[in-house]
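Structural features, examined
Okay, here's what each chain looks like letter by letter:
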Amino acid sequence: MTKDINNISKKEFLEKLESYRNGSITRRHFLNVTGLGAATAVLGGTVPGLRPTPAFAGDIGDRVVLATWPNYHDVANFDAFTETTGAHVQVNVFGSNEEMLAKLQAGATGWDVYVPTNYTFEDYVKEDLIEPLDVSRLPNYDAAAFEPRYAEAGSVNGTLYGVPKNWGSTGMAINTKHNDGKAISSWKEFFDITMDKFSGRTVVHDYQLTTIGSALNYHGYSFNSVNPGELADAEKLLIAVKPHLFAITSDYQPPMRNGDAWLTICWSGDGKQLNSDIPEIHYALGSDGGEIWSDYYAIPKSSERKDAAYALINFMLDPNVNVKEVLTHGYPTADSRTYDMLPADLKNDPIIFPAQDLLSPLEFGAAVTLTDPNRAELMARFKSA
Amino acid sequence: MGNGDYAQDAAPKGRKVVAELRGVSKYFGEVCAVSDLSLSISEGEFLSFLGPSGCGKTTALRILAGFEVPTEGVVILDGDIVNSLEAHHRPVNMVFQQYALFPHMTAAQNIGYGLRQRRPRLPRAEIADKVYKTLDVVRLGGYEHRRIWEMSGGQQQRVALARAIINEPKLLLLDEPMAALDRKLRKEMQIELQDLQRQLGITFVLVTHDQEEALSMSDRICIMREGCIMQIGSPQELYDRPNSRYVAGFVGTSNFFDGILTDNKGVLGTVRVNNEMPMQASHGSDLAIGQDVCISIRPEQMKLHRQGEGLWVKVLNRIFLGEHTEYLINHETLGDFLVLSPRQAEMAESPFNPGDRALVSWEPSAALILDNK
Amino acid sequence: MTQRTRNWLLLAPAGAWFMVMLIIPLTVVFIFSFGERAPSGGVVLAFTFEQYGNLPARWAAFKNTMTLAPIGTLSALLIAYPLAYFLAVKANPKWKTILLVLVIVPFWTSILIRSYAWIFLLGGRGIPALLDVIGIEGVRLINTPFAVLVGIIYGYLPLMVFPIYVSLDKLDKRLLEASSDLGAKSWKTFLQITLPLSIPGIATGCMLVFILLMGEYLIPAMLGGGKVFFVGNALVDLFLQSRNWAYGSAVAVTLVVVMLITVTIYMRLIYRLGASREDVSIM
C-alpha cells in the first residue's frame, strides 16, 4: 500500500483534485440547503440487513456510522476498512458545525464517529455530548507526531476528546483578470474593492464565523470578537456591503468559475482547486487576519458501537491511510508521519502549506463564537436585511 | 292540416317559411351524420325529427342552431343563408337535452341570460319585467331566486324552456326535452308544451325518439334513418300513407307480408306473396314490376269473422286490452300476424278463443304496397 | 358494529396522523416560543414575550415572503390558467394525456436539481450572455427577487395547473353552447360561464401555491443567493445555525398566524365573490 502512495505524482494529485472539483455543486451547500444530511442519517440506519455479515472473530459489529463533511475522505479507505474489519462504513454528511451541534443537542443518535472543528469542543464537553478518548485503544495515535497547534483543541481540561484529521485556512480568492492582474491580501481591500469596482461581484459565506470574522478583521478587531461594540461595527460594514454582494453562499465555486463572481471568501482546499483550473484566480490569506482551523475525529456519547468507532478512528490515523485522504481532498495534515509521505510538490505548494509568517495573523475559531447569541443574531439580521 | 299532399320538402301552404335546409350533409371525418337533408319549416309550425338514436336528428338540430357547420348544402334562416353564422348571432334558441342550465345562477338569472347579452343593452327594469312574465308563463312564479340544484327535474325543464322562449326566437329547438322526465310528468309537459306553442306562436322543432310524443304533439314529423329523411308529413299521413316499410313500422304497428310486385297497372297492384299467393293492394307510382316489396296492413284494419269472404286462419292467442282485443293469428302461407278487434265488434260476435278457426278480411285500400327498405 | 363506530374507525388513522404530525408539534413550537435561548443553543422553558418582542428583526423576511408569495401566486395563476384552459378545452383528446404528463414530468425531478438548471440559465453564462449577443448588456438576473420569482412560478406551476384543469375539464361543454345559443360572444361566455365555474379550481390552486410559498425556503436560498430571504430561510437559520429555538418558534408561530389570517381573509373574499354573484339582481 505504501509504495504506490509514495510514488504518486503531482499530476495524479491534480487529477484527483479535478475529479473532486467536477462535482461543482459542493455537497456541503447542497446538504445545508436541503437538510438531506438528517434524512440520510435516518434512512441509512434502516437497512442493516443489507450489509455483509462479518466473518471476523472478535468482531466489532457490522457497521460504523461516520458523520463528516462532504468530499473529505477517500472512499477506497472505507472499503479497505470493511475488508479488514467486516464493518461497513456508513457516511452521513453535514453542512456546518452549528448544524451538527444542533442535531446532537436535539437528541439525534446513531452516529459513532464525527468530525468536529477545533472551536466546538468546549461546548460538546459542556453539553456532555462527547466521549473522552481512551488512547490505549488507538495504537496508531502518536501524539508526538502532531503539530500541537493543530492538535491541542482536541483536549479539554487535560482530557483527550479528539484526534486531528486535517487543517486548513480561510482566506480570499480573487479573479485577478478584473483587477489589472493584481491579487489582494487583506480584508480591508476585500470589502473596499467590493463596495467599489467589484460591486455585485463578491461572495461572502453563509456562515457566521468567517463572514463576521472577516468584517471584524476589516476593522482590525479579532476574528473571534464577541465585543458588542466591535460586532456593531462589523454589522454596519456588512449591511453597507450587502447591496454590493453577488451572493451570500458557501457554494462559491460555480459563480467563481463561470465568471459571475470575481471575489470570494474561500477555504484553502477550494482555493487550490480554483487556482489549478483557472490560474488567474489567486488564493490569498488576509494580512489583517483570518481563520485557521483544524478538524478532529471524535466519538459522540450517544454512540452504541464504540468498539467500531475506535477501530475506524485508529484505522484512519494510520499514515498510509491518512496520506490517501490528503491526496484526495487537498487539505494539509498535521501528522508529520503523513506529511513525510507526501510528494515534494505538495509540500511546497503555497496554498496548501503557506509560509509560517502568512499564517501568523490567522486565528483559530474561538468556542465562544459557536454559541454567542449576538453573533448568530447579527448574521441572521445581515441576511434578512 | 291533413290534406295529405305535401311534397317531401314543402312547408304547409300559405305560411311564411322561417327556416330551410337545402341538400344539407354533415360529415365528421369519414362518418356521415346527415346526408342530403332538404326541408322547409314554416312559421308557427311544430315539427318533429323522429328516429332511433344515431339517425342524425340531433345533428340536424345542431346545424339549425349553428353548433355545426354543414359540409355541403345550404341553411336558410329567415331568408338569409346562415351556413357559417355563429350560434350567438342566430335568432334561434335551444332547450338542451339535460337542460344545460347555468349552475352558478338562480332560475331568474338563467332565464334573463339571453336578454342580458343583447346590445344595445336592455334596461334592467325591462329585463326584470320580462323575466317575471316568463316565469309566470312556465308556471314558476315565486321560484326566481331558487338555485338550479334546488329544483326538481320538471322545474328545471321549465327554466330551460323559459330561458329559451324569453328571447322570442324564430325557431325554438328542443333536443329530447322530455327524456329525463318520468312518464307521468312527460305526459303533462307534452300538453303544456303544445299549449305554450299555440299561445306564443313560436315555431318549435323537436327532436325525439319517442313516436308517441312525436305523433301527439307535432304538426309534421320528419322520419329519419341513417342520416336521411325517409318521409315528412303530418302524423295521420305518416300513419295512413307511409312511403316505406320503415316508416310504416316506425309509426304505429303493422303486419308486413313480403312478396314481389307482379302488376302495377290498375288502382290496385298485385303482389305475389311468399312466391305463391297473389294479393291485391293499393300502390304508389314509383314501384317497378318484379321489385321486392311488402304489403302492409294495420292490425286494426283487419276483421275477424266466422262467415263470409276471407282467408281461413287459426287463432293462436288472445289478449284483452280494454278498448281492443289483440289476436295473434296464423295463416298457412302468410305466417303469424296481429289483428286488433274493437270492443264493439267483440260485443257483437262472441270472442274467438285460441285454437278457433276464423276468417280474416280487410278493405283492399287498407293494404299498402310498400318499398321493402 | 354501529355506523357510529365505523365512522370513528374510518377517521382514526387520519385523526392519529393529525395528532402526531400536526397538533403535537404545533403545541411544542407554541410552548417553545415563550421560552429563552439556552446558553449554548436550544431552548429553556420560560414564560416571556421576549422572542415576540424581537420579531421586528425579521421584518424583511416577512416582507419578502408577503410580497413575493402573492406575486408568485398571481403570476403562476396568469400563466397556468391559459395552459389549463388549453389542455381542458382546446387540446385534442388524443394528446391530452401526453400533454398532462408533460406538465407533471418536471415534478419527478427534485426542485433542487431543477433550481440548479435555473442557476445556470439565469447566471452570467445563460440568458444574460444571450442578451449580450443582441446588444443588451449588463443584465443581472441571478440572485435577484426576479430570479426567485422565476423559480417560484416554475416550481409551482403544476400545482396551479391541475386544480384549474380539473375544474375546466369537468365543466359541461353544453353550458358553453347554451351561452352561445343565448347570444353571448365567446369572450362573454368565458367571462360569464367558464371563469365563474372554474373559480373553485382557481381558489384551490391559489390556496395550495400560496400556503406552500409562505413556507418556501429552498428556491430563495438557491436562486436568491442568500440575498432574497424568506421567513422559511429565517427558520432554517434559527434552528440549524444559530440554534435559537425559542426565537425560531416565535417566528414559526407568527408565520402560522399570518398564514391563518391571510387564508381566512382570502376565503372570505372567495366567498364574497361567490355570494355577490348570487346577489346581483337577475340582470
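Right above here is the structure, for reference.
Residues numbered from 1 in each chain as written. Chains lettered and ligands numbered in written order. Predicted model: local features only at pLDDT ≥ 70, side-chain atom pairs only at ≥ 80, totals over all residues. Heavy atoms only, no water.

1. A look at the overall build of chain B
Counting secondary structure elements, chain B contains 9 helices and 20 strands. Principal axes of the C-alpha set define a box for chain B whose edges measure 75 × 45 × 40 Å. Burial statistics for chain B: of 373 residues in total, 52% are counted as buried. In chain B, 65% of the contacts between residues at least 6 apart in sequence involve partners at least 24 apart. Here chain B carries 40 positive and 47 negative side-chain charges, and the mean point of each set is 6 Å from the other. (Helix = DSSP H or I, 4+ residues; strand = E, 2+ residues; numbered from the N terminus. Buried < 20%, exposed > 50% of the residue type's maximum accessible area, 1.4 Å probe, protein only. Contact = heavy atoms within 4.5 Å. Lys, Arg positive; Asp, Glu negative; His and termini not counted. Charge placed at Lys NZ, Arg CZ, Asp CG, Glu CD.)

2. Some points on the overall build of chain C
When helices and strands are counted, chain C shows 13 helices and 2 strands. Counting only C-alpha atoms, chain C reaches 75 × 75 × 40 Å along its principal axes. When the 283 residues of chain C are sorted by exposure, 46% land in the buried category. Intrachain contacts of chain C at a sequence separation of at least 6 include 69% that bridge at least 24 residues. Within chain C, one finds 21 positive and 12 negative side-chain charges whose respective centroids are separated by 3 Å.

3. A few points about the interface of chain C and chain A
Listed per partner, the contact involves 34 residues of chain C and 38 residues of chain A. Together, the buried faces of chain C and chain A total about 3,000 Å²; carbon and sulfur atoms form 53% of this surface. Broken down residue by residue, the surface that chain C buries against chain A is led by Y116, K227 and R243 of chain C, which jointly contribute 20%. Inspection of the chain C/chain A interface yields 2 salt bridges. For the salt bridge of D237 of chain C with K383 of chain A, the shortest nitrogen-to-oxygen distance reads 2.5 Å. Between chain C and chain A we count 12 residue pairs in polar contact (both at pLDDT 80 or more) in total. (Buried area = accessible area lost by both parts, 1.4 Å probe. Salt bridge = Lys/Arg side-chain N within 4 Å of Asp/Glu carboxyl O. Polar contact = N/O pair within 3.5 Å; in protein donor to acceptor, adjacent residues only side chain to side chain.)

4. Section: the packing of aromatic side chains
Taken as a whole and judged by the stated rule, the model has 32 aromatic pairs over all chains. Taking 5.8 Å as the distance between ring centres and 80 degrees as the angle between the ring planes, the aromatic pair formed by F191 of chain A and Y218 of chain A counts as edge-to-face. A residue pair is termed long-range when its members are at least 10 positions apart, and F191 of chain A in helix α8 (residues 187-194) and Y218 of chain A in helix α9 (residues 208-218) qualify at 27 residues. The exposure class of F191 of chain A is buried, given its relative accessible area of 0%. Consider the rings of W118 of chain C and Y154 of chain C, whose centres lie 5.5 Å apart with planes at 70 degrees: the pair is edge-to-face. Of the two residues, W118 of chain C sits in helix α5 (residues 111-122) while Y154 of chain C sits in helix α7 (residues 145-169), which places them 36 residues apart along the sequence. For Y154 of chain C, a relative accessible area of 30% translates into the label partly exposed. Feature note: the residues Y150, W167, Y339, F353 and F364 of chain A constitute an aromatic cluster, connected by ring pairs. Sitting above the plane of the Y339 of chain A ring, K347 of chain A keeps its charged end 5.5 Å from the centroid. Geometry around F352 of chain B places R306 of chain B over its ring, the cationic atom sitting 4.1 Å from the centre. (Phe/Tyr/Trp six-rings, centres within 6.5 Å; stacked < 30°, edge-to-face > 60°. Lys NZ or Arg CZ within 6 Å of the ring centre and 35° of its normal.)

5. Re a nonpolar patch on the surface
All names here are of chain C. Where nonpolar side chains cluster on the molecular surface, the patch consists of W17, F18, M19, V20, M21, L22, I23, I24, L26, V28, V256 and L260 and spans about 1,100 Å² of accessible area. Elements with a contribution of two residues or more to the nonpolar patch: α1 (3-32) and α13 (245-279). No other element matches α1, which puts 10 residues into the nonpolar patch. Along the chain, W17 falls in helix α1. (Patch = residues over 30% accessible without salt bridge, like charges linked within 9 Å, V, L, I, M, F, W, Y side chains within 5 Å. Areas by Shrake-Rupley, 256 points an atom, 1.4 Å probe, with all protein chains shown as cover.)

6. Re the pairing of strand β18 (residues 335-342) of chain B
All names here are of chain B. With 8 bridges connecting them, strand β17 (residues 324-331) and β18 associate as antiparallel partners. Directly across from N330, in β18, lies its bridge partner D336. Hairpin geometry of β17 and β18 is characterised by an intervening segment of 3 residues between the two adjacent antiparallel strands. (Pairing = 2+ DSSP bridges.)

7. Details of helix α2 (residues 107-116) of chain B
Burial analysis of α2 of chain B places 10 of its 10 residues in the buried class, which makes it a mostly covered element. By the burial criterion, the buried members of α2 of chain B are A107, A108, Q109, N110, I111, G112, Y113, G114, L115 and R116 of chain B.

8. Notes on the sheet that holds strand β8 (residues 203-208) of chain B
Residue and element names in this part refer to chain B. What the 6 strands build is an open sheet, ordered β6-β7-β8-β3-β9-β10; its pairing is mixed. Each edge of the sheet is formed by a strand with only one pairing partner; in this case those strands are β6 (92-95) and β10 (228-233). Taking each pair of neighbouring strands and ignoring which way they run, the sheet shows an average axis angle of 20 degrees. The sheet contact formed by strand β3 (residues 46-50) and strand β9 (residues 220-225) spans 4 bridges and is parallel. Along β9, the bridge assignment pairs L50 with I223. (Axes fitted to C-alpha atoms, helices over the stretch in contact; angles between N-to-C directions.)

9. Structural notes on the pattern of salt bridges
All names here are of chain A. This structure, assessed with the given rule, holds 32 salt bridges over all chains. With a shortest N-O distance of 2.8 Å, E235 and R381 are connected by a salt bridge. Placement of the pair is E235 in helix α10 (residues 228-241) and R381 in helix α19 (residues 373-384), with a sequence separation of 146 residues. Classification of E235 by relative accessible area gives buried; the value is 16%.

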